Amino acid sequence: MKPIRKDALVKATIIEIGRAGTLDVTVSQIARRAGMSSALAHHYFGAKEEMFLAAMRHIMTLYGAEVRGALASAEGPEARLQAILRASFSPGNFRREAVGAWLNFWVLAQTVPQARRLLAIYQRRLRSNLLSCLRPLAGARAEALADGLGAMIDGLYLREVLKSGPPDGAAAVQMALDYLNTQLTGQDA
C-alpha cells in the first residue's frame, strides 16, 4: 500500500502545483487531493519539500523515459539529436502541471541543495545525450555545442511556456535545429 499511497501523493503534488502555479500549496491540500490525511502524507514524506522533490523526480523520470523511447527508434547522430529535441518539447512537457513543476523546481534549486543536485543530474544527462550525438558531427566542438544546445533547450522551453498563447513545441524544435545547423556549417544566422 505504501508505494500506491506515495505515488498518489506525488501525482497530487504535481496537480496542486500546476493548479496553484506556485509551491505555495499545503500538505493538507495535497493530501486531500490524494484522498488521505495530512498526517499520512507527513508520515510518507516528512516535509512538504520532500513531496516537491519526489514530484520533480517523477516528472524527470517521465521525461527520461520519453527521451529513451525516442532514442531507441532513431538511427544515426542527426536522428538521435532530433529525437532528444522532440522529446524535450513534447506535448506532455507542456501540460499545465508539468510547466508549474518545472518553473517552481528551477526556483527551488536556487536555495535547496537537494533540488540543486537533482537539477545538476538532469543537466548532466541532457549534456551526455547531446554529446553522444554531437561528437560524430562536430568533433572537438561537440562540448561547446552540447552546452549551447542544452542552454537553448531550457531557454526555448521557458520562452514557450511563458509566452501568451499555447506553446509551440514544433517551432522550438525547429529553432534549436536551425541553431545547430548554423553552428555545424559555420554559417552566420
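Please refer to the structure placed before this passage.
Here the residue numbering is sequential within each chain, running from 1 through the sequence in written order. Totals for whole chains, interfaces and linings use all residues, but because this is a predicted model, local features are given only for residues with pLDDT of at least 70 and pairs of side-chain atoms are given and counted only at 80 or more. Each side-chain value is derived from all of the structure's non-hydrogen atoms; neither hydrogens nor water enter the calculation.

Caption draft 1: Structural context of a positive patch on the surface. Taken together, the side chains of Arg57, Arg68, Arg117, Arg124 and Arg125 make up a positively charged region of the molecular surface. Every helix listed is a DSSP run of H or I at least four residues long, and every strand listed is a run of E at least two residues long, numbered separately from the N terminus. Only α4 (48-72) and α7 (113-138) provide two or more residues apiece to the positive patch. Per-element accounting of the positive patch gives the leading share, three residues, to α7. Tracing the backbone through its elements, the reader meets arginine 57 in helix α4. For arginine 57, a relative accessible area of 40% corresponds to the partly exposed category. Patch membership requires more than 30% relative accessible area and the absence of a salt bridge. Residues of like charge join within 9 Å; the nonpolar side chains Val, Leu, Ile, Met, Phe, Trp and Tyr join within 5 Å. Using a 1.4 Å probe, accessible areas were evaluated by the Shrake-Rupley method; residue-level cover was limited to the displayed protein chains. Every case where a carboxyl oxygen of Asp or Glu lies within 4 Å of a side-chain nitrogen of Lys or Arg is listed as a salt bridge. When charges are tallied, Lys and Arg are placed among the positive residues and Asp and Glu among the negative ones, while His and the ends of the chain are skipped. Charge positions are represented by NZ for Lys, CZ for Arg, CG for Asp and CD for Glu. Using a 1.4 Å probe on the protein chains alone, a residue whose accessible area is under 20% of its type maximum counts as buried, one over 50% counts as exposed, and one in between counts as partly exposed.

Caption draft 2: Examining the nonpolar core more closely. Only buried Ala, Val, Leu, Ile, Met, Phe, Trp, Tyr and Cys residues count toward a nonpolar core, and they belong to the same one when joined by side-chain atoms within 4.5 Å. Core analysis: the biggest nonpolar cluster contains 67 residues, and Phe89, Trp102 and Leu130 have the highest contact counts within it. Ranked by residues supplied to this core, first place goes to α4 with 12 residues. Among residues more than four places away in sequence, those in contact with leucine 130 are Leu81, Ile84, Ala146, Leu149, Gly150 and Ile153. Any two residues whose heavy atoms approach within 4.5 Å at even a single point are treated as in contact.

Caption draft 3: Spatial organisation of the packing of aromatic side chains. Stacked, edge-to-face and tilted are the three classes for Phe, Tyr and Trp ring pairs, Trp counted by its six-membered ring, which pair at centre distances within 6.5 Å; planes under 30 degrees apart are stacked, over 60 edge-to-face, the rest tilted. Using the criterion set out here, one finds six aromatic pairs in the structure. A ring pair is formed by tryptophan 102 and tryptophan 106, whose centres lie 5.4 Å apart and whose planes are at 40°; its orientation type is tilted. Of this pair, tryptophan 102 and tryptophan 106 both sit in helix α6 (residues 96-108), four residues apart, which is roughly one turn of the helix. You'll find tryptophan 102 and tryptophan 106 in the same group, each marked buried. An aromatic cluster is built from Tyr63, Phe94, Trp102, Phe105, Trp106, Tyr122 and Tyr157, whose rings are joined through pairwise contacts.

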